[in-house]
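Chain residues, written in single-letter form:
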Amino acid sequence: MVELPGVKEPDRVRKLLQGTAKLEFWETYTFGEVAPGLVAVNTMLANENKKDSLLGSLTSVNDSNSTTSTTSGDTTLASTPAQDTTKVSLVDKMGKDSTAAKDTAGGKTFEEFARENPLFAVLFPSDGQVRTQEEKNIVDKQCVIGYSLIKDTAKVNRILERDDVKAALPKNLRLLWTVKPRSAETQSLELIGIKSAGRDGKAPLDGAAISDARQDFGQFNSKPEISMRMNPDGAKVWKRLTGENVGKSIAIVLDDYVYSFPNVQGEIAGGSSSITGNFEINEAKDLANILKAGKLPAPARIVEEAVVGPSLGAEAIQNGLLSFLVALGIVFFFMAFYYSKAGIVADITLICNMFFIMGVLASLGAVLTLPGIAGIVLIIALSVDANILIFERIREELRLGKGLRLAISDGYKHAFSSIIDSNVTTLLLGIILYSFGSGPVQGFATTLIIGILCSLFSAIFISRLMFEYLLDKNKEIPFWTNATKDPYKNINLPFVENRKKYYIISGIVIAAGIFSIGMKGFNFGVDFDGGRTFVVQFDKATSTQEIRESLAAPFGEAPDVKTFGTDNRYKITTDYLIEENTAEAQASVTKALYEGLKGQFSGIDQTKFQETKIINSQKVGPTVADDIKSSALFSIFFGCALMFLYILVRFKKWQYGLGATLALLHDVMLILSIFSIFNGILPFTLEINQDFIAALLTVMGYSMTDTVVVFDRIREYLGIHPNTDKKVVINNALNSTLSRTMNTSLATFFVLLAIFIFGGDVIRGFIFALLIGIVVGTYSSLCIASPIVIDFDKNEKK
């Protein structure tokens, strides 16, 4: 994963990332050495066409629209007839890319000529324009074998890849195209004959010999070029190579494309050289940087990418910071209001926790993305959970009449087990999230893991340190206000008695969800389906149907179009050319997008359109999409299995592990059901993508934290009341955890609500999943997990 904040030229980045920097210096064949083989190949292919014609099936190897000519039986492979030298040359005709040309040699149509000359119809030999023997002698000594229009190079490659064609050409001949057209007018590439003389087929000199490279300008023409300096071993080889090829060309090849093929005037000693070509300054700089960095062992392919425009990036930062400050304010107010002076201690602890998190992230060099900010904001809520556990325990000890110092000591001691269990389970989910997620999911998981560790340290150590300081100073430390002293004192809800009602309610919602999934399915993002998405900012609101219709022709079919946030911002999803993993394919898709939408934007060209109107784009290849699906499913099931094992070890009864695991699956099914039922109804996108999986796993961690705290209290109550009816004991235990459960849930819910309102459109669906998950997780820990333990443990009285 490569993240490049501030980059404004994504095409340049793609080219840099996908180049291996495999630099090679090759000896070359001359045209005269290869020409007889080309004639033999052309004749062989023509004979195949004649044979097919005799069988009644006229098959052409090529259907090129280029125009060319040949004179068979002569050393000149292709030339205009001597009696008609005033005609436009064949290379000129190819450059014009004429269609259905008829004035070929001997008055033949192009189709007839292509049938008789299958190779030369698409590959124009180097001597195609020579007029005199002197010109031919010059051409025969050059390494350019021929020319071909860019659109015909694939056809030439297919011919040259045939085994019988290879057998007709020199054994150690490699044919490589030049990297750029000879001119913008002809749009034709040159085919260079490379001599692979070594036994291993490797170049006599490669990029490993380059010790330094820089962009420079030519001494005589002031054009951009790359100056190189070689190490001592490379300088020796270069001296020998140039000395043996005086008067011949040496091809400088990068990533199997010929950049230049200078003619050697004399032996070059000292190890200094340069690469010349038709470079732009940025191209020369990029190439010099790649050469200086060294080559990659294998070609790189971009299988997934996301581009965020500067306007959306600035908006994301602003929304992230705003939601962060609002969420922090909510927690500060809630803790101070509910727990009085002790709540202020928790607020100071939270500030220390934020300081630690930011410090660790900075020291790791972690990139703070929007999901990362969301992870920090969620930690704000989760970090108060440990404080709430401790404070509720202290309040219980105070109600029993203990002194303040003893109550604080016992409160920390009794809450320790629940704090460790709940944080370890969430930490395990965070590790799973980091291991199997990518991009934004990993950013979220990184802050989650760091936040859990920091909040655990802060709650157990720093808050205790502050309480000890206040006690030593004989300061009063109230843990409640008049309004919050006993809010849950007289509440005794029949959780155990009503468990079958809860089963029915959950069953109805899940059944409705399954029906909805069967009828309309999910709204899968490109993460799961593969494809490209573009978020485009229009000048004014437009109907999604109009956008679909305008893009149907350039994309081949109508893409998926949805409103994204504001009424003039649209998210366009297409799988056009998604199978083609090249920079050219990306450029073609962007061009097709511009062609379809340019009627909506008056007076801007494609470059301006890309820079100002496409505010976000993402590409996920089909292979990566399949990987994301499988890793997401694996993450969920592996997470459930890990939770089962942990609960089994901690509570030593399989019923607890089963209850917790079924509650997790119950939460997942409820959230999936809600996302399917309300898809297309709510005014924001409910996509099933990587962010959704992150939310789902976070909810599983939160739900497990709640469940573990409840189980811990049940275990404690069963130990204190061994002879009381088990159902009564468990119900009392559930009610005794209400204050902690509801306080943590409310704090978390309002924090997430702040992010949902102020966090922006990018993560609204993600936060919605978390909001639903908090409600569902709290419900399942009280109403599903514990009753399941009872129903599977009927034979035991204690």
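So, here's what we can say about the structure. (Residues numbered from 1 in each chain as written. Predicted model: local features only at pLDDT ≥ 70, side-chain atom pairs only at ≥ 80, totals over all residues. Heavy atoms only, no water.)

**Points about the overall build of the chain**
When helices and strands are counted, the chain shows 24 helices and 18 strands. Buried residues in the chain amount to 51% of all 798 residues. Taking as baseline every contact in the chain between residues at least 6 positions apart, the subset at least 24 positions apart corresponds to 76%. Accessible area of the chain: about 36800 Å², with a carbon and sulfur share of 58%. (Helix = DSSP H or I, 4+ residues; strand = E, 2+ residues; numbered from the N terminus. Buried < 20%, exposed > 50% of the residue type's maximum accessible area, 1.4 Å probe, protein only. Contact = heavy atoms within 4.5 Å. Areas by Shrake-Rupley, 256 points an atom, 1.4 Å probe, with all protein chains shown as cover.)

**Comments concerning empty space enclosed by the protein**
Taken as a whole, this structure holds 8 cavities of 30 Å³ or more when the rule is applied. One number sums up the size of the largest cavity: a volume of about 130 Å³. Lining the largest cavity we find 14 residues, and of these Leu382, Asp385, Asn423, Thr426 and Thr705 sit closest to its centre. Of all the secondary-structure elements, those providing two or more residues to the lining of the largest cavity are helix H11 (370–399), helix H12 (404–436), helix H13 (440–472) and helix H21 (690–720). Of the residues contributing to the lining of the largest cavity, the split by class is 7 nonpolar, 6 polar and 1 charged. Reported here for the second largest cavity is a volume of approximately 110 Å³. Lining the second largest cavity are 14 residues, and of these Leu389, Arg393, Val709, Arg713 and Arg740 lie nearest its centre. Among the secondary structure elements, those contributing two or more residues to the lining of the second largest cavity are H11, H12, H21 and helix H23 (738–758). (1 Å grid on protein atoms, 1.4 Å probe; cavity = no way out; pocket = protein on both sides within 12 Å on 5 of 7 lines; lining within 4 Å. Points joined across faces, edges and corners; volume = space filled by probe spheres on them. Nonpolar A, V, L, I, M, F, W, Y, C, P; charged D, E, K, R; others polar.)

**A word on the packing of aromatic side chains**
One pass over the full model with this rule turns up 20 aromatic pairs. Measuring from centroid to centroid gives 6.0 Å for phenylalanine 333 and phenylalanine 337, while their planes differ by 10°, and the two rings are stacked. With a gap of 4 residues between them, phenylalanine 333 and phenylalanine 337 both fall in helix H10 (residues 310–364), about one helical turn apart. On the accessibility criterion, phenylalanine 333 (59% relative accessible area) is exposed. An angle of 75° between the planes, with centres 5.0 Å apart, marks the rings of tyrosine 656 and phenylalanine 711 as edge-to-face. (Phe/Tyr/Trp six-rings, centres within 6.5 Å; stacked < 30°, edge-to-face > 60°.)

**Details of the layout of surface pockets**
Here the second largest pocket defines a volume of roughly 620 Å³. When contributions to the lining of the second largest pocket are tallied by element, the ones reaching two or more residues are H11, H21 and helix H22 (726–736).

**Let's talk about the nonpolar core**
Ranked by internal contacts, the top residues of the largest apolar core, which has 112 residues, are Met335, Phe391, Phe467, Ile647, Phe692, Phe711 and Ile767. Ranked by residues supplied to this core, first place goes to helix H24 (residues 764–791) with 16 residues. Beyond its immediate chain neighbours, meaning those up to four positions away, isoleucine 767 contacts Leu752, Ile755 and Phe756. (Core = buried A, V, L, I, M, F, W, Y, C linked by side-chain atoms within 4.5 Å.)

**Considering the side chain of threonine 707**
Within the fold, threonine 707 resides in helix H21. Accessibility expressed as a relative area gives 1% for threonine 707, which makes it buried. Only 2.8 Å separates the side chain of threonine 707 from the backbone oxygen of serine 703, close enough to count as a polar contact. For threonine 707, the contacting residues outside a window of four places in its chain are Ala660, Ser781 and Ala785. (Polar contact = N/O pair within 3.5 Å; in protein donor to acceptor, adjacent residues only side chain to side chain.)

**Here's the deal with the pattern of salt bridges**
This model, assessed by the stated rule, comprises 22 salt bridges. Ionic pairing is found between arginine 162 and glutamate 48, a salt bridge with its closest N-O pair at 2.6 Å. Taken together, the positions of arginine 162 in the loop between helix H6 (153–160) and helix H7 (163–168) and glutamate 48 in helix H2 (residues 31–54) put the pair 114 residues apart, joining distant regions of the chain. The exposure class assigned to arginine 162 is partly exposed, which follows from its relative accessible area of 26%. (Salt bridge = Lys/Arg side-chain N within 4 Å of Asp/Glu carboxyl O.)

**A closer look at the environment of glutamate 9**
By secondary structure assignment, the location of glutamate 9 is in the segment before helix H1 (10–17). Judged by its relative accessible area of 41%, glutamate 9 is partly exposed. Taking the C-alpha atoms as reference points, glutamate 9 and glutamine 610, 601 residues apart in sequence, are found 9.9 Å from one another.

**Quick look at the sheet that holds strand E7 (residues 210–217)**
A sheet is described by the order of its strands in space; here 3 strands give the open sequence E7-E8-E11, paired in antiparallel fashion. Each of the sheet's edge strands pairs with one partner strand only, and the pair in question is E7 and strand E11 (272–275). Averaged over neighbouring strand pairs, the angle between their axes works out to 25° when direction is ignored. The sheet contact formed by strand E8 (residues 224–230) and E11 spans 4 bridges and is antiparallel. Looking across to E11, one finds that methionine 228 is bridged to serine 273. Its contacts with the sheet place helix H8 (residues 232–244) against E8 and E11, and it is angled at close to 110° to E8. (Pairing = 2+ DSSP bridges. Axes fitted to C-alpha atoms, helices over the stretch in contact; angles between N-to-C directions.)

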